[in-house]
Number of protein chains: 2
Amino acid sequence: MKAKHEKASAEQPDYNYETLDRFVGYHMKRAFNVVQADLTETLKSFELRMLTYTALVLIVDNPDLSQTQLAVAMDIERANLVVIVDELERRELIVRDHVPGDRRAYALNATLAGRRLCKKAVAAVVAHEERLFSGLSVKKKAALIEALSDLHVNAESNE
Amino acid sequence: MKAKHEKASAEQPDYNYETLDRFVGYHMKRAFNVVQADLTETLKSFELRMLTYTALVLIVDNPDLSQTQLAVAMDIERANLVVIVDELERRELIVRDHVPGDRRAYALNATLAGRRLCKKAVAAVVAHEERLFSGLSVKKKAALIEALSDLHVNAESNE
DNA sequence: ACATTATTGTTATATACTATAACAATAATG
DNA sequence: CATTATTGTTATAGTATATAACAATAATGT
C-alpha cells in the first residue's frame, strides 16, 4: 500500500469528475487556464499581458480607433481600458491622437515601435498555439474555432 | 453618412479582427466570457460563484477529500482554497471532518443541505448549458468537449 | 528514539481582472 | 439655448490568482 504522501499517478486521476465532465463550460475554463498560462509566459518577454497584447493588436489592425470602440471590440468596460491604454502609451507603442472636431475623443494609433513589437508578439503567439495545439488536426482546430466563434459572435450580436 | 455617435450595426461588426481571429486562444477567451457571464447569473440565486460551485460539486462527488486534494482537483493554489472552503462551511453546505491519525488534515464532506443545493445548482447549470449551446448539435458538442478536454487533461498529465 | 524533512492548512500580501458609480468636458439633439 | 448623450477618467469594491512564510504535525532516515 502506498504511503499517504505519495503523489497519485498522474496518468490515473483518482478524482470523480463525473458531474463536472458533463459541462462544456467546465472544459472551456480548464482548457483556457492551460492556454492562458502558456500565453502569459509567451508574452512576458515582450512585457505584455493578454489584455495589453489584445489591445495592441486591435489598434494596429484598426487605425484611428476610439477608446470606446476599443473597449467594445475587447468586450471590456471603458473604465478598465484606461490603464491598458495608459501603459501602451507610456511604452510609446501607441499614441492618443486628437480627433479634429471632437475634443472628447482620441484616435488610437500604433507607433512604428508598436507595430514592430506587435509583429514579433503575434509571431510568438503563433508559435505558442502551434505548440499547444500540435495534437489537434487542422480540421479539428478549424471546427473548434468555428464552434467557439459561433458562441461568442452570436452572443455579441444579441447584445 | 451616419452620424458619428450612431451605434454600428450589430450584425455587421466593423472591426478588423483578422489577426485575433486566427487564434484559438482568443476564441476560447471570448467564448468563455459569454459562458461565464451566464453561469454567474445562473449561480447567483444559489449564492454560489463558479469556484464555490465547483468546489461543492467535487466535494459531493468525492467524499472525504482533503483540502490539498481539492486544490489539485480544481487546479488552484492551496492558499486560495481556504476562503472557498470557509464560505461553504459557514453556509453549512460542507463540514471539515477530522481525519483519524492525522491532526493536520481535514476530510471535506457535504451536508444534506449541501447535497440538496448542489443537486439544484447542477440542474440549473444543465439548463444554462442547454440554453447557451442549443445551436450546437450533440455531435459537435461532444467534439468540442473532446478537443477541450484533450487539451487540459493532457496538460494536467504533464505537470 | 531522535533529528531531519515533508506535508497540511493558514495568513499575509501583491497583482490583475472585472464591475459599478459618478463626474467633467464636450458634442448632439430638440 | 436648454437638455440629453457621449467620451474618457477616477474611485472603489469584489474576485481570482500567485507567492512567501509559518506553525503544527506526520513521515523518513539513522
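Refer to the structure printed above.
Another aspect to go through is the packing of aromatic side chains. Within the structure shown, the criterion is met by four aromatic pairs over all chains. An angle of 35 degrees between the planes, with centres 6.3 Å apart, marks the rings of Y17(A) and Y26(A) as tilted. For Y17(A), a relative accessible area of 14% corresponds to the buried category. For Y26(A), a relative accessible area of 11% corresponds to the buried category. Taken together, the aromatic side chains of Y15(A), Y17(A) and Y26(A) make up a single cluster linked through ring pairs. When the ring centre of Y106(B) is taken as reference, the NZ or CZ atom of R96(B) above it lies at 5.5 Å.

Further remarks concern unusual backbone geometry. Positioned with a positive phi, D75(A) is a non-glycine residue whose angle comes to about 60 degrees. Position of D75(A) relative to the elements: it lies in the loop between α3 (67-74) and α4 (78-90). In this model, E92(B) sits at a positive phi of 60 degrees, which is unusual for a non-glycine residue. The exposure class of E92(B) is exposed, given its relative accessible area of 57%.

Right, let's get into the pattern of salt bridges. As a working rule, side chains carrying opposite charge can pair if their charged atoms are close by. This model, assessed by the stated rule, comprises 14 salt bridges over all chains. Where R49(A) meets E87(A), a salt bridge forms, and the shortest distance between an N and an O atom there is 2.9 Å. Of this pair, R49(A) sits in the loop between α1 (24-44) and α2 (50-61) while E87(A) sits in helix α4; the two residues are 38 residues apart in sequence, bridging distant segments of the chain. According to the relative accessible area criterion, E87(A) is buried, its value standing at 18%. For D86(B), the salt bridge identified is with R96(B), shortest N-O distance 2.9 Å. Note that D86(B) is positioned in helix α4 (residues 78-90) and R96(B) in strand β1 (residues 94-99), a separation of ten residues in sequence. The exposure class of D86(B) is partly exposed, given its relative accessible area of 34%. Here the residues in one salt-bridge network are D86(A), E89(A) and R96(A), joined through shared partners.

The rules we used
- Residues numbered from 1 in each chain as written.
- Chains lettered and ligands numbered in written order.
- Predicted model: local features only at pLDDT ≥ 70, side-chain atom pairs only at ≥ 80, totals over all residues.
- Heavy atoms only, no water.
- Phe/Tyr/Trp six-rings, centres within 6.5 Å; stacked < 30°, edge-to-face > 60°.
- Buried < 20%, exposed > 50% of the residue type's maximum accessible area, 1.4 Å probe, protein only.
- Lys NZ or Arg CZ within 6 Å of the ring centre and 35° of its normal.
- Helix = DSSP H or I, 4+ residues; strand = E, 2+ residues; numbered from the N terminus.
- Salt bridge = Lys/Arg side-chain N within 4 Å of Asp/Glu carboxyl O.

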